[in-house]
Amino acid sequence: METTQELQHYLADIQKWEKDQKGLWFWEKLGRIPFKILDKLTPKFVQEKIALFIDELVSYIQTGGKYLVSQESMLRHIQKQTLHNVVSLEDIQQMPLRDMVELSEKLQKSRANLATVQGASTGFGGIFTLAIDIPVILGIALKTLQEIALIHGYDPTEKQERIFIVKCIQFASSDIVGKEQILNELTKSFENPTASENMMSQLKGWQEVFYTYRDNFGMKKLFQMIPIAGMIFGAIINKSMIEDIAEAGMMLYRKRRVLERLQEKSL
């Protein structure tokens, strides 16, 4: 198990990452384009797919639906990769953080590669295959975050964790103000575990998540509507989205684990 100094070093790296999130990149700036413009540019059937995307997020939080990953399969994978005797979440919770970091980074790379292929294949047909891509990329994002949760010893079948996972998705797609707000909300839940029970209400009736994805996700996907050239846009966009979502999950789940271990050492 890590020393207090080692845990503080991990925490410092996470806090540096949080500060680095204040910059807005090209794609994020595009995502701020008003929805009224997006509404005129995006064909109706693609808008319907984006709306379905949001419905699927709601369904996932409520029940997990078709997006729940197999905990048993992930436990076997973690045991194979780390050579630790892992048969339960409690075993994972005792793993060294360096193993959690290594597993998460490998997962991020693997899922980003998968998203790249997915984006290129569905981008080939432009607007006609774009509608196929939207629900698939959601599935990749949710599966990636659930696996990151398990790598850090958290159970994604619990509703509380499903809400946290959607918060990670929301964080990855938010602007500076949104990121700061989400970090503040999550920090409160880290410091006070009972506060996480109120995280559901912090989603403000889903409006934050809905509006963020309606604008940001939809705007990015417009570039994928161009036949043939959509392959390039699709590959880049999907890869970037999954990398950002995985990074948010890695850092936020790592922060939870570090803070919990620091608290244990202080008792």
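Placed above this text is the structure.
In short, a report on the structure. Remember, predicted model here, so these are calculated numbers, not experimental data. (Residues numbered from 1 in each chain as written. Predicted model: local features only at pLDDT ≥ 70, side-chain atom pairs only at ≥ 80, totals over all residues. Heavy atoms only, no water.)

Some details on the overall build of the protein chain
For step 1, the next point in the chain: Counting its secondary structure elements, the protein chain contains 13 helices and 0 strands.
For step 2, the next point in the chain: Mapped from its N terminus to its C terminus, the protein chain presents α and β elements in the order α-α-α-α-α-α-α-α-α-α-α-α-α.
For step 3, the next point in the chain: Across the protein chain, every contact between residues at least 6 apart in sequence was considered, and the portion connecting residues at least 24 apart equals 78%.
For step 4, the next point in the chain: Surface exposure of the protein chain reaches about 12900 Å², of which carbon and sulfur atoms provide 57%. (Helix = DSSP H or I, 4+ residues; strand = E, 2+ residues; numbered from the N terminus. Contact = heavy atoms within 4.5 Å. Areas by Shrake-Rupley, 256 points an atom, 1.4 Å probe, with all protein chains shown as cover.)

Section: the nonpolar core
For step 1, the next point in the chain: The biggest cluster of nonpolar side chains holds 55 residues, and the ones touching the most others in it are Ile 78, Leu 142 and Val 258.
For step 2, the next point in the chain: Filtering out sequence-adjacent residues up to four positions away, Val 258 remains in contact with Leu 7, Tyr 10, Leu 11, Ile 14 and Leu 97. (Core = buried A, V, L, I, M, F, W, Y, C linked by side-chain atoms within 4.5 Å. Buried < 20%, exposed > 50% of the residue type's maximum accessible area, 1.4 Å probe, protein only.)

Let's talk about the pattern of salt bridges
For step 1, the next point in the chain: Considering all chains together, one arrives at 8 salt bridges under this definition.
For step 2, the next point in the chain: A salt bridge links Glu 147 to Arg 111; its shortest N-O distance comes to 2.9 Å. One end of the pair, Glu 147, is in helix H8 (residues 127–151); the other, Arg 111, is in helix H7 (residues 97–123), with 36 residues separating them in the sequence. This pair shows no difference in class: Glu 147 is buried, exactly as Arg 111 is.
For step 3, the next point in the chain: The closest approach of N and O atoms between Glu 260 and Arg 257, which form a salt bridge, is 2.9 Å. Of this pair, Glu 260 and Arg 257 both sit in helix H13 (residues 229–266), 3 residues apart, roughly one helical turn.
For step 4, the next point in the chain: With relative accessibility at 30%, the residue Glu 260 sits in the partly exposed group. (Salt bridge = Lys/Arg side-chain N within 4 Å of Asp/Glu carboxyl O.)

Points about the packing of aromatic side chains
For step 1, the next point in the chain: Across all of its chains, the model carries 3 aromatic pairs by this definition.
For step 2, the next point in the chain: Judged by centre distance (5.4 Å) and plane angle (40°), the ring pair of Tyr 154 and Tyr 253 falls under tilted. Residue Tyr 154 is located in the loop between H8 and helix H9 (159–173), and its partner Tyr 253 is located in helix H13; the two are separated by 99 residues in the primary sequence.
For step 3, the next point in the chain: Looking at Tyr 154, the relative accessible area reads 7%, which means it is buried.
For step 4, the next point in the chain: Classification of Tyr 253 as buried rests on a relative accessible area of 0%.
For step 5, the next point in the chain: An aromatic cluster is defined as three or more aromatic residues linked by ring pairs; in this entry it consists of Tyr 154, Phe 164 and Tyr 253.
For step 6, the next point in the chain: Stacked on the ring of Phe 171, the Lys or Arg Lys 179 has its end atom at 4.5 Å from the ring centre.
For step 7, the next point in the chain: Across the ring face of Phe 164, the terminal group of Arg 256 is positioned such that the distance to the ring centre comes to 4.6 Å. (Phe/Tyr/Trp six-rings, centres within 6.5 Å; stacked < 30°, edge-to-face > 60°. Lys NZ or Arg CZ within 6 Å of the ring centre and 35° of its normal.)

So, H9
Given 3.6 residues to a turn, an α-helix orients residues that are three or four positions apart in the same direction.
For step 1, the next point in the chain: Here H9 contains 15 residues, and its C-alpha end-to-end distance of 22 Å stays within 8% of the 21 Å for a straight helix at 1.5 Å per residue.
For step 2, the next point in the chain: In terms of burial, H9 is largely enclosed, as 13 of its 15 residues are buried. (Expected span 1.5 Å × (residues − 1).)

A word on helix H5 (residues 71–82)
For step 1, the next point in the chain: In this model, H5 (12 residues) spans 16 Å end to end at C-alpha, consistent with the 16 Å of a helix rising 1.5 Å per residue.
For step 2, the next point in the chain: Downstream of H5 by one or two residues, Leu 83 has phi in the positive range, about 65°.

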